[in-house]
Amino acid sequence: MKNILFIGAGSMAEAIIHGLTAQQVIDAAHIFVTNKSNEAKLTQLHEAYGISATYELADALQQADLVVLAMKPKDVKAALEKIAAHIPAQTPVLSIVAGYAMASIEAILGARPLARIMPNTSAQIALSTTGVAYNAAVNDGTKQAITTLLQSIGTVIEVEEDQLHAVTAISGSGPAYFYYVVEAMKEAGLTYGLDEQTVKQLVVETMAGASEMLKRVDEEPQLLRKKITSPGGTTEAGVKALEKFNVKEAFTTCIADAEAKSRELANS
Ligand SMILES: NC(=O)c1ccc[n+]([C@@H]2O[C@H](COP(=O)([O-])OP(=O)(O)OC[C@H]3O[C@@H](n4cnc5c(N)ncnc54)[C@H](OP(=O)(O)O)[C@@H]3O)[C@@H](O)[C@H]2O)c1
């Protein structure tokens, strides 16, 4: 895959461009970026990453081996209508747009190889876990090229398109749930006379350590939790409070509501 064209130059596009250039997956001069009207942002991306900024869409679309849709859901229809006349029939399209179905893209651009992804904001530091779904027209070579591209922002998991709703609810929105837990633990910790920096370090490093344990030690979270929990001890007292306030049920509803919202937005 030689040339990539990003339609949309926001935070998600920049995170991917950062990954692609930092890991030299694609030469920066072969990454083309356009947006609606924010010229200053294109200049900033050109200066920061050496990518090619352009408003000459017809040319850029002719040359592109992959077109990435990276605008907000409210803007995608107008953007697709703008590119429809210029994009060659078999050029693959990869969409980052949450909840916008491949069928809707095909309705405007015609049948072609399509992929949809759901990354998360940890893409900024190459730690996104990204769900990807393909239509039947995507060949193995294009799949491999897209996997390599996505690995520059983290790890990749292939799912069916319908399962992207669950991926959105779990890992797309997921960082926000963990930030919420950190907010709550920090607020609680601050009431004990520790300074803010100390509490932040205690909470964030504990979370990072627990995350690494889950990745590196081949044990289920229940067992890891049991090993910390002395009978009649502090952890047991703390977890009892979580159970009293139905925190597990709250997470079940959290994921269910986010999944349902993803479906609702896709149909609106
Ligand atoms: N944030 C997340 O956690 C997350 C996770 C997964 C997926 N996503 C998805 O990622 C997508 C992009 O989000 P973002 O946060 O990167 O958005 P963003 O920062 O708001 O950037 C949107 C970009 O789209 C451009 N644009 C709008 N209409 C256009 C058009 N007709 N033609 C060309 N460019 C157009 C905008 O250009 P101007 O600046 O010139 O208006 C801007 O560069 C969204 O669809 C979102 O659902 C986000």
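Residues numbered from 1 in each chain as written. Predicted model: local features only at pLDDT ≥ 70, side-chain atom pairs only at ≥ 80, totals over all residues. Heavy atoms only, no water.

Per an unreviewed UniProt entry, the protein chain is named Pyrroline-5-carboxylate reductase, and its organism is Candidatus Kurthia intestinigallinarum. Heading Pathway (unreviewed entry) of the UniProt record for the protein chain holds this comment: "Amino-acid biosynthesis; L-proline biosynthesis; L-proline from L-glutamate 5-semialdehyde: step 1/1." In its Sequence similarities (unreviewed entry) section, the UniProt entry covering the protein chain states "Belongs to the pyrroline-5-carboxylate reductase family." (UniProt positions renumbered as here; feature names shortened; annotations may be inferred.)

Draft legend 1. Spatial organisation of the side chain of threonine 168. Position of threonine 168 relative to the elements: it lies in helix α7 (residues 164-172). Here threonine 168 falls in the buried class, since its relative accessible area comes to 15%. A distance of 2.6 Å separates the side chain of threonine 168 from the backbone oxygen of leucine 164, its partner in a polar contact. Leave out the neighbours within four places in its chain, and threonine 168 touches Met118, Ser173 and Ser262. (Helix = DSSP H or I, 4+ residues; strand = E, 2+ residues; numbered from the N terminus. Buried < 20%, exposed > 50% of the residue type's maximum accessible area, 1.4 Å probe, protein only. Polar contact = N/O pair within 3.5 Å; in protein donor to acceptor, adjacent residues only side chain to side chain. Contact = heavy atoms within 4.5 Å.)

Draft legend 2. Up close: the site of the ligand. In the region of the ligand, 23 residues are neighbours, and Ala9, Met12, Ser37, Asn38 and Met71 sit closest. At 2.8 Å from an oxygen atom of the ligand is found a main-chain nitrogen or oxygen belonging to alanine 9. Lysine 72 places a side-chain nitrogen or oxygen 3.1 Å from an oxygen atom of the ligand. Protein chains shield 81% of the accessible area of the ligand, which is 930 Å² for the free molecule. In a pocket analysis with a 2 Å cut-off to the grid points, the ligand is assigned to the second largest pocket. A breakdown of the residues in the shell around the ligand according to their chemical character gives twelve nonpolar, seven polar and four charged. (Near = heavy atom within 4 Å. Areas by Shrake-Rupley, 256 points an atom, 1.4 Å probe, with all protein chains shown as cover. 1 Å grid on protein atoms, 1.4 Å probe; cavity = no way out; pocket = protein on both sides within 12 Å on 5 of 7 lines; lining within 4 Å. Sits in = over half its atoms within 2 Å of the grid points. Nonpolar A, V, L, I, M, F, W, Y, C, P; charged D, E, K, R; others polar.)

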